[in-house]
Structure formats: C-alpha cells, structure tokens
Amino acid sequence: KATIALPTDPQRSNMPVRYVRLAVYVLLLIFPYTCATEAVPSAMLHGTGTVVLNGARIARPIAVFAGDKIQTGTHSAVTITMAESTVLVAANTSLVFYPQTIELRAGSALITSTKAVVAQAGRWTVAGEAKRLSKFEITRAGGKLVVMARLGNATITDGATPKIVREGGNET
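Residues numbered from 1 in each chain as written. Predicted model: local features only at pLDDT ≥ 70, side-chain atom pairs only at ≥ 80, totals over all residues. Heavy atoms only, no water.

Engineer: Would you explain the side chain of T72 in this entry?
Structural biologist: Inspection of the secondary structure puts T72 in strand β5 (residues 68-72). A polar contact of 2.6 Å, which involves the side chain of T72, links it to the backbone oxygen of A90. Leave out the neighbours within four places in its chain, and T72 touches T50, A77, V78, V89, A90, A91, N92 and T93. (Helix = DSSP H or I, 4+ residues; strand = E, 2+ residues; numbered from the N terminus. Polar contact = N/O pair within 3.5 Å; in protein donor to acceptor, adjacent residues only side chain to side chain. Contact = heavy atoms within 4.5 Å.)

Given below as structure tokens:
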C-alpha cells in the first residue's frame, strides 16, 4: 500500500498551488499572442498553366499568405479564394497578396467580394462597395491604370479626391 505524506503546515501546502496558478496565468497571457502570430493561410490559390509563387513554380492548389508574390505566365490564370471574396488573375500578371489587399504590379485582376477587398496599383487604390456584392476589374499596363466596374460601383483614390466608377462604366 502506497502512502502520500501531505504537509501539515498550511503555508507550505499552498505554495505549490500558488506556483501552479502563477504558471497558468502566465500561459493564459502568452498563449493567445503565440496563436495570433502563427502563419495562418489567408486564401487558397488554384492555377492553370505557368504559375509562380514566391519564385517557385506550382502545379497544384496551395495556401497563400500575406506578402506572397504571385505571377502568371502566358496562357495561364489563377483563382484566389478567400472568405467572401474571389480574385481571378489573368495571364501575364504580377501581384502581391494580402488578405484585404491585392497589390497589382502588372497585368489584370477581377475582384468579386462582399467585403472591403481593395486593389492597390502604385499610388492608386481601387475598392468595390462595402457590405454589398461588387465586382471590378483592374488592369495595369504601360504606366496606365484601367478600372471597370462590372457589378456595383468602384471607387478610385490616389490619396486626394476619390473618383467613382459607376456600374458598367470604366475609367482610365
């Protein structure tokens, strides 16, 4: 028969409990921070043709993260799917992905969203209507930017005066 000796001093018997409580409180403070800093996939990328992600060619669907660089080759396309949004990336396009922003460096992308996903192209920011299904296409080529509002309105800003592109219209 095994016996366990329990301390008889009430001050000593609470010491281990105090240390355990302190350790639990410290873990409760640290654990949420470590979970928040984990690399959580922001979206899924499905491509056809030549698709390059961060310098490496991909051949199957893959998770994408904030800051990932995506390039499509000739006769290629990519679909990026995230919560309440889809981005169709045309051939010969280069962009950087962020969960709420598509940084278009060259080429064309069609953004469909019910959230506030925006496209950034140089000094220009393009956004669809917030909290409403919107679809807009943005093309950057030869130093020009073309925005077409396919569903709902799109707003173009350069940090100064916003310009609204009405549904069915386009702006260069």
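Engineer: Teacher, can you tell me more about the environment of N170 here?
Structural biologist: One can find N170 in strand β16 (residues 170-171). Exposure remark for N170: the relative accessible area of 49% places this residue in the partly exposed category. Note: C-alpha distance between N170 and I138 (32 residues apart in sequence) is 9.7 Å. When near neighbours in sequence (up to four residues on either side) are disregarded, N170 contacts V147, M148 and V165. (Buried < 20%, exposed > 50% of the residue type's maximum accessible area, 1.4 Å probe, protein only.)

Engineer: Before we go on, may I ask you to explain the environment of I80 in this structure?
Structural biologist: Of note, I80 is situated in strand β6 (residues 77-82). Leave out the neighbours within four places in its chain, and I80 touches A43, M44, L45, V64, I70, S85, T86, V87, V89 and F97.

Engineer: What am I meant to see in the environment of L151 here?
Structural biologist: Looking at the secondary structure, you find L151 in strand β13 (residues 144-151). With residues up to four places along the chain from it excluded, the contact list for L151 reads L133, S134, K135 and E167.

Engineer: Would you mind going over the pairing of β6 with me for this structure?
Structural biologist: Here is the key point about a regular strand: its side chains alternate between the two faces of the sheet. Burial along β6 is one-sided: the residues V78, I80 and M82 are buried and none of A77, T79 and T81 is. Alignment of strand β1 (residues 43-48) against β6, held across five bridges, turns out to be antiparallel. Bridge pairing in β6 places M44 opposite T81. With five bridges connecting them, β6 and strand β7 (residues 85-89) associate as antiparallel partners. (Pairing = 2+ DSSP bridges.)

In short, shape yes, function no, at least from these values alone.
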